[in-house]
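Chain residues, written in single-letter form:
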Amino acid sequence: MADGTANSLERTERGLTYPQPTLPLAGEAVEVAKGVLWLRHALPMALDHINVYAIRDGDGWVIVDTGLDTPTTRADWERALAGSLQGLPVNRLIVTHMHPDHLGLAGWLTQVTGATFMISRLEYLSARMHVAEDMEGATPQAEAFYRRQGWDDAAIERWKSRFGRMSRSVSPLPPQYARLSEGDVLTIGDDEWTVVIGEGHSPEHVCLWRKSDGVIIAGDQILPKISSNIGVWDTEPMADPLKDWLESLEALKQRLPSDLLVLPSHGEPFYGVTTRLDALLRGHEVGLKRLGKSLRQKCRSIDVFGALFARTIGPELLGMATAEALAHLNYLEGQGRAVRETDEQGVEWWIGVERDQ
């Protein structure tokens, strides 16, 4: 168990054990494993926080992930750097993947601390592409993509009005980076951390595994209570990220020992990685079965939300829900279990394919 944890305060929910009784306060840190501090930044959305970590590195620190670029998060980092991190140098900044809540303050933090910026190549290039795309505004091709999904004029106008949100929540990206790849071994302090790459939620997601005592900083690849969004977006409409995601989960299940302490980006640190990977795989299997039943009649991607989500999808979540629905539909198409047809208005309709038993 992690250092400093009182076993009497552990709790178990749905087969996972949560060993840490104390949540970090804003701008402060809690030691969650040997030499690893857990910090928690607020997010202005339904998913209201992100966990970031600081690993002791000799006379300094290695930070993993950053939070969004907001005045509140900058202030919390300034407080943490001077307080919980004792004013010691930050030697390296590692970002698990390119989503703004993980990458948002990478540019600012590297400028403030002088840290070397480390990320996988596909995540860095994807981040630069998405920030540039966001600043350019909505394209006719992107609008056509969402109209193919069945979006009406009101949805399209709302989508256009939201352009620029990513670039506003990400400080200018560091112009240089040090590449992280599958199997790299990083020496941090007296310990070795192995880079484990996941796919599906993002193109080349970095996890860090300290094999010596069984700790993994898992980012969004393994979350305790929610499944990461697996989406198809307008830049690659024929992508099959769900296939990548399921294959990654299966590979992690075979590779990772069951007694790891998982340090996720959302939720709380937990034990029970095999149980959680099984649940994530099972959840998508159930969703695909429900989706198959929905496709007994023709559906658009926006018509199948009920098969995949346990809550009503309002305008705020329409983009994410459409992306996730299309990811599942593209997966079924790749498996020969569904086909798409385009009507005279250019809208895509899906129908299931009966398979021999």
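Please refer to the structure placed before this passage.
Report on the accompanying structure. (Residues numbered from 1 in each chain as written. Predicted model: local features only at pLDDT ≥ 70, side-chain atom pairs only at ≥ 80, totals over all residues. Heavy atoms only, no water.)

## Details of the overall build of the protein
Thought 1: Helix and strand counts for the protein stand at eleven helices and 17 strands.
Thought 2: For the protein, the C-alpha radius of gyration of 21 Å lies close to 21 Å, the compact-globule estimate for 357 residues.
Thought 3: Seen along its three principal axes, the alpha-carbon backbone of the protein occupies a region of about 65 × 45 × 35 Å.
Thought 4: By the burial criterion, 53% of the 357 residues in the protein qualify as buried.
Thought 5: Of the contacts formed within the protein by residues at least 6 apart in sequence, a portion of 64% connects residues at least 24 apart.
Thought 6: About 16,200 Å² of surface is accessible on the protein, with carbon and sulfur atoms providing 50% of the total. (Helix = DSSP H or I, 4+ residues; strand = E, 2+ residues; numbered from the N terminus. Rg over C-alpha atoms; globule rule 2.2 N^0.38 Å. Buried < 20%, exposed > 50% of the residue type's maximum accessible area, 1.4 Å probe, protein only. Contact = heavy atoms within 4.5 Å. Areas by Shrake-Rupley, 256 points an atom, 1.4 Å probe, with all protein chains shown as cover.)

## Quick notes on the nonpolar core
Soluble, globular proteins show a tendency: their nonpolar side chains are buried together.
Thought 1: One finds Ile 222, Leu 256 and Leu 295 to be the most contacted residues of the largest nonpolar core, which totals 47 residues.
Thought 2: Among the elements that line this core, the one with the most residues is helix H11 (residues 318–334), at eight residues.
Thought 3: Not counting residues up to four positions away in its chain, the partners in contact with Leu 295 are Val 304, Leu 329, Leu 332, Ala 338, Trp 350, Ile 351 and Gly 352. (Core = buried A, V, L, I, M, F, W, Y, C linked by side-chain atoms within 4.5 Å.)

## A word on a nonpolar patch on the surface
Thought 1: A cluster of nonpolar side chains, contributed by Met 45, Leu 47 and Ile 226, occupies part of the molecular surface with about 240 Å² of accessible area.
Thought 2: Structurally, Ile 226 is set in the loop between strand S13 (215–219) and helix H8 (241–255). (Patch = residues over 30% accessible without salt bridge, like charges linked within 9 Å, V, L, I, M, F, W, Y side chains within 5 Å. Salt bridge = Lys/Arg side-chain N within 4 Å of Asp/Glu carboxyl O.)

## A few points about unusual backbone geometry
Thought 1: Unusually for a residue other than glycine, Arg 14 sits at a positive phi of about 50°.
Thought 2: Along the chain, the position of Arg 14 falls in the loop between strand S1 (11–13) and strand S2 (16–18).
Thought 3: Look at Arg 14 and you get exposed, because its relative accessible area is 85%.

## Looking at the environment of Gly 334
Thought 1: Relative to the helices and strands, Gly 334 is located in helix H11.
Thought 2: With 94 residues separating them along the chain, Gly 334 and Asp 240 place their C-alpha atoms 7.7 Å apart.

## Considerations on the sheet that holds strand S5 (residues 49–57)
Thought 1: Read across the open sheet, the seven strands follow the order S3-S4-S5-S6-S7-S8-S9; overall the sheet is mixed. Each edge of the open sheet carries a strand with a single partner, namely strand S3 (30–33) and strand S9 (178–180). If you compare each strand with its neighbour and ignore which way they point, the axes differ by 30° on average.
Thought 2: Summarising the sheet, strand S7 (residues 90–94) and strand S8 (residues 116–120) pair through three bridges and their orientation is parallel. Bridged to Arg 92 within S8 is Thr 116.
Thought 3: Lying on the sheet, helix H1 (residues 71–82) is in contact with strand S4 (36–42), S5, strand S6 (60–64) and S7; it crosses S4 at an angle near 155°.
Thought 4: Contacts from helix H4 (residues 121–136) reach S8 and S9, with the element oriented near 100° to S8. (Pairing = 2+ DSSP bridges. Axes fitted to C-alpha atoms, helices over the stretch in contact; angles between N-to-C directions.)

## Things to note about the environment of Thr 139
Thought 1: The residue Thr 139 is located in the loop between H4 and helix H5 (140–148) in this model.
Thought 2: The sequence separation of Thr 139 and Lys 160 amounts to 21 residues, and the corresponding C-alpha distance is 9.4 Å.

## Some thoughts on the packing of aromatic side chains
Pairs of aromatic rings are described using the distance from one ring centre to the other and the angle between the two planes.
Thought 1: Scanning all chains against the criterion turns up eight aromatic pairs.
Thought 2: Between the aromatic rings of Tyr 124 and Tyr 177, the centroid separation amounts to 4.2 Å while the plane-to-plane angle is 25°, which identifies the pairing as stacked. Pair noted here: Tyr 124 is in helix H4 and Tyr 177 is in the loop between helix H7 (165–168) and S9, with a separation of 53 residues, a long-range link.
Thought 3: Of the residues examined, Tyr 177 reaches a relative accessible area of 27% and is grouped as partly exposed.
Thought 4: Among the aromatic residues, those joined into a cluster by ring pairs are Phe 145, Tyr 146, Trp 151, Trp 159 and Phe 163.
Thought 5: Cation over ring: Arg 56 sits above Trp 61, and NZ or CZ is 5.1 Å from the ring centre. (Phe/Tyr/Trp six-rings, centres within 6.5 Å; stacked < 30°, edge-to-face > 60°. Lys NZ or Arg CZ within 6 Å of the ring centre and 35° of its normal.)

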